[in-house]
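Secondary and tertiary structure notes
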Amino acid sequence: MEKQITVLDFQKKCDQGEKITMVTAYDYSMALAADAAGVDALLVGDSLSMTMLGRTSTLSATMDEMLHHCKAVAKGTHHAMVIGDMPFLSYQLGPEEALENAGLFLAEAGAQAVKLEWCPEAGPVTEFLAGNGIPVMGHVGFTPQQIHRFGGYHIQGKDKTSADHLLREAKALEKAGAFAVVLELVPDAIAQKITQSLRIPTIGIGAGPSCDGQVQVIHDLLGLLPDFHPKHAKAYLQLHESIREAIRQYAEEVRGGQFPPKT
């Protein structure tokens, strides 16, 4: 049986110049497919609040919801690292509460690591979690849990002051013990500078090709949401249309008496 990817594999791939591949997954069936495809990591993202539950932002994702979906993903995964996304207010209040919540991802939900977005407590929390045996992936740039502060989905680090700020955040997370850092909606030149400045891997989403790896939302890759098409994503399929057509054919055959067939 192929061994499961670990934080050591992440660093090894980075050191050898091998790109790291990561997608989101939210349920058992999608985890089975993504894991069989050979990606390095599955992120059980708080984006499930939008993709799976139809909400307008990630802010309302709860710990119970995240753990529920993470358990399902872990059941369908044998090779990829499973990373649980720490939802809003599950870590911002300090290291002790963060440890309790992060511990649930590993002890109960079957994840091997957690991800948290940059906030004033991100450094101390990351250091405390890592010191207690919980691998942490950081996240800087556009951080969706702060969407109201940003005023929407906007590229971060477009001027020198904000770009320097992002670099300091990424370095602080590395110093605190993070094993990788997600860079979201960051100009390519800034993502390249941060990547070259860190020893740990950077994982880009809307941050150009210079990062050590890439992560994408599975619904964007598969064309599952007809009215949402991020500029940084590529739809490799248009499954919404295929699923709609299959269900339409089924309904038509039921109404016409062709399904189920006579035996």
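For the structure, check the block above.
Below is a summary of the structure that appears in this document.

Definitions and cut-offs
Residues numbered from 1 in each chain as written. Predicted model: local features only at pLDDT ≥ 70, side-chain atom pairs only at ≥ 80, totals over all residues. Heavy atoms only, no water. Helix = DSSP H or I, 4+ residues; strand = E, 2+ residues; numbered from the N terminus. Rg over C-alpha atoms; globule rule 2.2 N^0.38 Å. Buried < 20%, exposed > 50% of the residue type's maximum accessible area, 1.4 Å probe, protein only. Axes fitted to C-alpha atoms, helices over the stretch in contact; angles between N-to-C directions. Parallel < 35°, antiparallel > 145°, perpendicular 65-115°, else oblique. Left-handed = near helix turned anticlockwise from the far one by under 90°. Contact = heavy atoms within 4.5 Å. Nonpolar A, V, L, I, M, F, W, Y, C, P; charged D, E, K, R; others polar. Expected span 1.5 Å × (residues − 1). Salt bridge = Lys/Arg side-chain N within 4 Å of Asp/Glu carboxyl O. Pairing = 2+ DSSP bridges. Disulfide = S-S within 2.5 Å. Polar contact = N/O pair within 3.5 Å; in protein donor to acceptor, adjacent residues only side chain to side chain.

Along the protein, the regular secondary structure elements total eleven helices and eight strands. The globule rule puts the C-alpha radius of gyration for 263 residues at 18 Å, and the 19 Å found for the protein is close to it. In terms of overall dimensions, the protein has a C-alpha envelope of 70 × 40 × 35 Å along the principal axes. In the protein, which comprises 263 residues, the proportion classed as buried is 50%.

Packing of helix α5 (residues 95-107) against helix α6 (residues 122-131) brings their axes to within 9 Å, and their N-to-C directions diverge by 50 degrees. One element, α5, and the other, α6, form an angle in the oblique class. Classified by chirality, the crossing of α6 by α5 is right-handed. Residue-level contacts link P95, E96, A98, L99 and A102 of α5 to P124, V125, F128 and L129 of α6. Class assignment of the residues belonging to the contact of α5 with α6 gives a composition of eight nonpolar, no polar and one charged.

Looking now at helix α11 (residues 239-256). Taking 1.5 Å per residue, 18 residues should reach 26 Å; α11 reaches 25 Å between its end C-alpha atoms and fits that length. Positive backbone phi, approximately 85 degrees, marks G257, located one or two places after α11.

All of the buried residues in helix α1 (residues 7-15) are D9, F10, Q11, K13 and C14. Of the surrounding secondary structure, the elements contacted by the buried residues of α1 are β1 (20-24), β2 (41-44), β3 (81-85), β5 (136-141), β6 (180-184) and β7 (202-205). After α1 finishes, the residue G17 shows a positive phi value of roughly 75 degrees.

What follows covers the packing of helix α4 (residues 63-75) against α5. For the pair α4 and α5, the least separation of the axes is 10 Å and the interaxial angle reads 20 degrees. Looking at the two axes, α4 sits roughly parallel to α5. Between α4 and α5 the crossing geometry is right-handed. Together, M63, M66, L67 and C70 of α4 and N101, L104 and F105 of α5 make up the contact between the two elements. Taken together, the residues of the contact of α4 with α5 sort by class into six nonpolar, one polar and no charged.

Within the structure shown, the criterion is met by eight salt bridges. The partner of E245 in a salt bridge is R248, with the nearest N and O atoms 2.7 Å apart. Taken together, the positions of E245 and R248, both in helix α11 and three residues apart, correspond to about one turn of that helix. With a relative accessible area of 39%, R248 lands in the partly exposed category.

Our next topic: the sheet that holds strand β8 (residues 213-216). Pairing within the closed barrel is parallel, and its eight strands lie in the order β1-β2-β3-β4-β5-β6-β7-β8. Pairwise comparison of adjacent strand axes, ignoring direction, gives a mean angle of 25 degrees for this sheet. Pairing of β3 with strand β4 (residues 113-115), which is carried by three bridges, proceeds in the parallel orientation. Within β4, the position partnered with D85 by the bridge is K115.

Moving on to the state of the cysteines. If you walk through the whole model with that rule in mind, you get zero disulfides. C211 forms no disulfide, and the closest cysteine sulfur to it belongs to C14, at a distance of 11 Å.

The topology assignment puts T77 in the loop between α4 and β3. We classify T77 as buried; its relative accessible area is 7%. Within polar-contact distance, the side chain of T77 engages the backbone oxygen of V73 at 2.7 Å. Contact partners of T77, with chain neighbours within four places excluded, come to Q4, A31, D35, L42 and V82.

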